[in-house]
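Remarks on the overall topology
The chain contents come next:
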Amino acid sequence: MRSRNPVFSRRGFSRDNGYAGFNTAPQAGGPAVATQGNPYAQQPTGNPYAQNPYAQNPYAQQDLQHGAPPQAPATTGRMTIDDVVLRTATTLGVLVVTAALSWALLPVDDANISRSYGIGIGAALIGMVLAFVQSFKRKASPALILTYAAFEGVFLGVVSNIVDNRIADGAAMQAVIGTMAVFAGVLIAYRAGWIRVNRRFYGFVMAAALGFILLMTVNLLFAVFGGGDGLGFRSGALGVVFGVIGIILGACFLALDFKQVEDGVAYGAPREEAWLAAFGLTLTLVWIYLEFLRLLSILNSSD
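Residues numbered from 1 in each chain as written. Predicted model: local features only at pLDDT ≥ 70, side-chain atom pairs only at ≥ 80, totals over all residues. Heavy atoms only, no water.

**Some details on the overall build of the protein chain**
- Scanning the protein chain from N- to C-terminus turns up eight helices and two strands.
- Listed by position from the N terminus, the elements making up the protein chain come as β-β-α-α-α-α-α-α-α-α.
- Across the 303 residues of the protein chain, 46% fall into the buried class.
- Excluding contacts between residues fewer than 6 apart, the proportion of contacts in the protein chain whose partners are at least 24 apart in sequence is 71%.
- For the protein chain, the computed accessible surface area is about 15400 Å², with 65% contributed by carbon and sulfur atoms. (Helix = DSSP H or I, 4+ residues; strand = E, 2+ residues; numbered from the N terminus. Buried < 20%, exposed > 50% of the residue type's maximum accessible area, 1.4 Å probe, protein only. Contact = heavy atoms within 4.5 Å. Areas by Shrake-Rupley, 256 points an atom, 1.4 Å probe, with all protein chains shown as cover.)

Right under this line is the structure:
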């Protein structure tokens, strides 16, 4: 069973087998393959972290048994990189459109900021609920994912407008550029093999993210009930430090997302899994964007 947390959820993680087959091992007396390593099918496959998943084609075994030359696995109904790119672009497109509309239609001047901010917070809460619902579903729901993107876009549009016009001029565009730079940097590093996603990496990221979220939650509670900046983790020098930590955690989640996509394509995951990959990537990019926006707000307020 995969993790149900919408932030931590990564397809391929199971309580029995670890993340994407971390605990699978080669069978004694046989080739280095194990059926538990493939979260999508029961065909014999190897540990994706112990060997190259392309070095042995699990779908070609029947051809070899019949004396036929190995054939590539059928792609009909299977997830491809193009599927992930298309669905991620669609999800982000919905988010960007609704963000632009909320920016244009929900003014943040003194007379309207309270109403606009209230709508933005309401949209954020609805988006959070939808994210949890999708995370608890066994299968991807495109309508649910796109609806989440729409409400999240409304929230981002309002918050970005407030920060850009009332706190730090140009912060929204800078946060977008920063998010794109992190995405490109992590993708290049992952493809070059500079980032190795293994069980230790996964455990470290999960532990760090859990501690980060718990600390930020405590800080928020102190701010709500005690007033001011809470424990000060989101303002001043500490705010800058935790903002950078948040961006680094987002980059680590991107590496997990890329591994999810790579394993899904290599193992012949069902095409609908591409929607889950798009959902995970969208969550991560939103996380990184908000951390950049918060960091820029802190840096501007300290000038």
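**Quick word on the nonpolar core**
- Within the largest apolar cluster, 66 residues are counted, with the highest numbers of intra-cluster contacts made by Val 182, Leu 254 and Leu 256.
- Elements supplying a minimum of two residues to this core: helix H2 (81-105), helix H3 (113-136), helix H4 (142-167), helix H5 (171-191), helix H6 (199-226), helix H7 (236-266) and helix H8 (273-301).
- The greatest single-element share of this core, amounting to 16 residues, is contributed by H8.
- With sequence-adjacent residues up to four places away left out, Leu 254 is seen in contact with Val 182, Phe 183, Val 186, Leu 281, Thr 284, Leu 285 and Ile 288. (Core = buried A, V, L, I, M, F, W, Y, C linked by side-chain atoms within 4.5 Å.)

**Comments concerning the layout of surface pockets**
- Each pocket or cavity is described by its volume, and for the largest pocket that value is around 1900 Å³.
- Met 128, Phe 155, Leu 220, Leu 290 and Arg 294 are, among the 41 residues lining the largest pocket, the residues nearest its centre.
- Secondary-structure elements contributing two or more residues to the lining of the largest pocket are H3, H4, H6 and H8.
- Tallying contributions element by element places H8 first for the lining of the largest pocket, with 11 residues.
- Looking at the lining of the largest pocket residue by residue, the class counts come to 27 nonpolar, eight polar and six charged.
- Taken as a whole, the second largest pocket spans an internal volume of roughly 1000 Å³.
- As for the second largest pocket, its lining consists of 33 residues, and the residues nearest its centre are Thr 88, Leu 92, Thr 179, Phe 183 and Leu 285.
- Ranked by residue count, the leading element in the lining of the second largest pocket is H2, at 11 residues. (1 Å grid on protein atoms, 1.4 Å probe; cavity = no way out; pocket = protein on both sides within 12 Å on 5 of 7 lines; lining within 4 Å. Points joined across faces, edges and corners; volume = space filled by probe spheres on them. Nonpolar A, V, L, I, M, F, W, Y, C, P; charged D, E, K, R; others polar.)

**Section: the pattern of salt bridges**
- In the structure shown here, the tally under the stated rule is five salt bridges.
- For Asp 83, the salt bridge is made with Arg 87, and the minimal N-O distance between the two is 3.6 Å. You can see Asp 83 and its partner Arg 87 sitting in helix H2, four residues apart, about one turn around the helix. Residues Asp 83 and Arg 87 agree in their burial class; the two are buried.
- Across the salt bridge formed by Lys 259 and Glu 262, the nearest N and O atoms sit 3.3 Å from each other. One end of the pair is Lys 259 and the other is Glu 262, both in helix H7 and three residues apart, which spans about a single turn. (Salt bridge = Lys/Arg side-chain N within 4 Å of Asp/Glu carboxyl O.)

**Examining the side chain of Glu 291**
- In this structure, Glu 291 sits in helix H8.
- Beyond its immediate chain neighbours, meaning those up to four positions away, Glu 291 contacts Phe 212, Arg 234, Phe 242, Gly 243, Gly 246 and Ile 247.

**Details of the environment of Leu 92**
- If you trace the backbone, Leu 92 turns up in helix H2.
- Through-space distance from the C-alpha of Leu 92 to that of Ala 278 is 8.6 Å; in sequence the pair is 186 residues apart.
- Setting aside residues no more than four positions away along its own chain, Leu 92 makes contact with Thr 282 and Leu 285.

**Focus on the packing of aromatic side chains**
- Here the structure, examined in full by the defined rule, presents six aromatic pairs.
- Relative to Phe 258, the ring of Phe 183 lies with its centre 5.5 Å away and its plane at 80 degrees, an arrangement referred to as edge-to-face. Of this pair, Phe 183 sits in helix H5 while Phe 258 sits in helix H7; the two residues are 75 residues apart in sequence, bridging distant segments of the chain.
- Here Phe 183 falls in the partly exposed class, since its relative accessible area comes to 28%.
- Taken together, the aromatic side chains of Phe 212, Phe 242, Phe 253 and Trp 287 make up a single cluster linked through ring pairs. (Phe/Tyr/Trp six-rings, centres within 6.5 Å; stacked < 30°, edge-to-face > 60°.)

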